[in-house]
Amino acid sequence: QVQLAESGGGLVQAGGSLNLSCSASGSIASFNVMGWYRQAPGKQRELVALITTGGGASYADSVKGRFTISRDNTKNTVYLRMNSLKPEDTAVYYCRYSDSSFNSAYWGQGTQVTVSS
């Protein structure tokens, strides 16, 4: 099993920055994918960014150039640096872990990000 603990959510003004962290514990596979999803009220949960053990990353088009995902494998922690935040970034952000085949998925409880205008 894998447990995920998110932190770093909060309130920030438009144009500001925020850092999210997610620490994983338990049985971490040698090759895995961790990432961030978000869900705003009335909307479907959507992918924000993913990163592999080797550091390969992918981003949703809506956050490219503004968000940066990274990870520290020694700490089993994934980070999301969010710059130039917009009100439309307001959502609950969820950390996700899965093995390389996406067969064993785990979700964090979510952390709220609110961007004021």
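The coordinates are above.
It should be emphasised that the depicted structure is a prediction, and the values quoted were computed from it without experimental measurement. Here the residue numbering is sequential within each chain, running from 1 through the sequence in written order. Per-residue local features of the predicted model are confined to residues with pLDDT of at least 70, and side-chain atom pairs are confined, for both listing and counting, to 80 or more; whole-chain, interface and lining totals are unaffected and use all residues. Heavy atoms throughout the structure, all of them, feed into the side-chain values; hydrogens and water do not.

1. A few points about the pattern of salt bridges
In the sections that follow, a salt bridge refers to a side-chain nitrogen of Lys or Arg positioned within 4 Å of a carboxyl oxygen of Asp or Glu. Throughout the structure, instances matching the rule amount to four salt bridges. Ionic pairing is found between E46 and R38, a salt bridge with its closest N-O pair at 2.7 Å. Each residue is assigned to one of three classes by its accessible area relative to the maximum for its type, calculated with a 1.4 Å probe on protein chains only: buried under 20%, partly exposed between the two thresholds, exposed over 50%. The partly exposed category is assigned to E46, whose relative accessible area is 36%. Between D89 and R66 there is a salt bridge, with its nearest N and O atoms 2.7 Å apart. Taken together, the residues D89 in the loop between β8 (77-82) and β9 (91-99) and R66 in the loop between β6 (57-59) and β7 (67-72) connect sequence positions 23 residues apart. Considered together, D89 and R66 belong to a single accessibility category, that of buried residues. Overlapping salt bridges, with partners in common, bring together R38, E46, R66 and D89 in one network. Secondary structure is summarised from DSSP: a helix means a run of H or I of at least four residues, a strand means a run of E of at least two, and numbering begins at the N terminus for each.

2. Here we look at the environment of G10
Within the secondary structure, G10 is located in strand β2 (residues 10-13). Note on G10: relative accessible area 25%, which makes it partly exposed. In this analysis, two residues are considered to be in contact whenever any of their non-hydrogen atoms come within 4.5 Å of each other. G10 has contacts with L18, Q112, V113 and T114, leaving out every residue within four places of it along the chain.

3. A short note on the sheet that holds strand β3 (residues 18-26)
Spatially, four strands are ordered β1-β3-β8-β7 in an open sheet, and the strand pairing comes out antiparallel. If you trace the sheet from one side to the other, it starts and ends with β1 (2-7) and β7, each paired once. Recorded for the sheet is a direction-independent mean angle of 15 degrees between the axes of neighbouring strands. Criterion used throughout: strands pair if DSSP finds at least two bridges between them. Note: β3 against β8, six bridges, orientation antiparallel. Bridge pairing in β8 links S23 to T77. A fitted line through C-alpha atoms represents every axis, and for helices the fit uses only the stretch in contact; the resulting angles, taken between N-to-C directions, go from 0 to 180 degrees.

4. Here's the deal with the pairing of β8
The sheet contact formed by β7 and β8 spans six bridges and is antiparallel. The partner of D72 across the bridge, within β8, is T77. Taking the residues between adjacent antiparallel strands as the criterion, β7 and β8 are bridged by four residues, where N76 takes a positive phi near 50 degrees.

5. Focus: the state of the cysteines
Disulfides are defined as cysteine sulfur pairs within 2.5 Å. A complete count under the given rule lists one disulfide for this structure. Shown here is the disulfide that connects C22 with C95, its sulfur atoms set 2.0 Å apart. The sign of the -85 degrees torsion about the S-S bond sets the C22-C95 disulfide as left-handed. One end of the pair, C22, is in strand β3; the other, C95, is in strand β9, and 73 residues separate them in sequence. Like C95, C22 is buried.

6. Digging into the nonpolar core
Throughout this description, the term nonpolar core refers to a set of buried Ala, Val, Leu, Ile, Met, Phe, Trp, Tyr and Cys residues connected via side-chain atoms within 4.5 Å. One finds W36, L80, M82 and Y93 to be the most contacted residues of the largest nonpolar core, which totals 27 residues. At the level of secondary structure, the elements contributing two or more residues to this core comprise β1, β3, β4 (32-39), β5 (46-52), β7, β8, β9 and β11 (111-116). Setting aside residues no more than four positions away along its own chain, Y93 makes contact with E6, L20, W36, Y37, R38, V48, F67, L80, M82, G110, T111 and V113.

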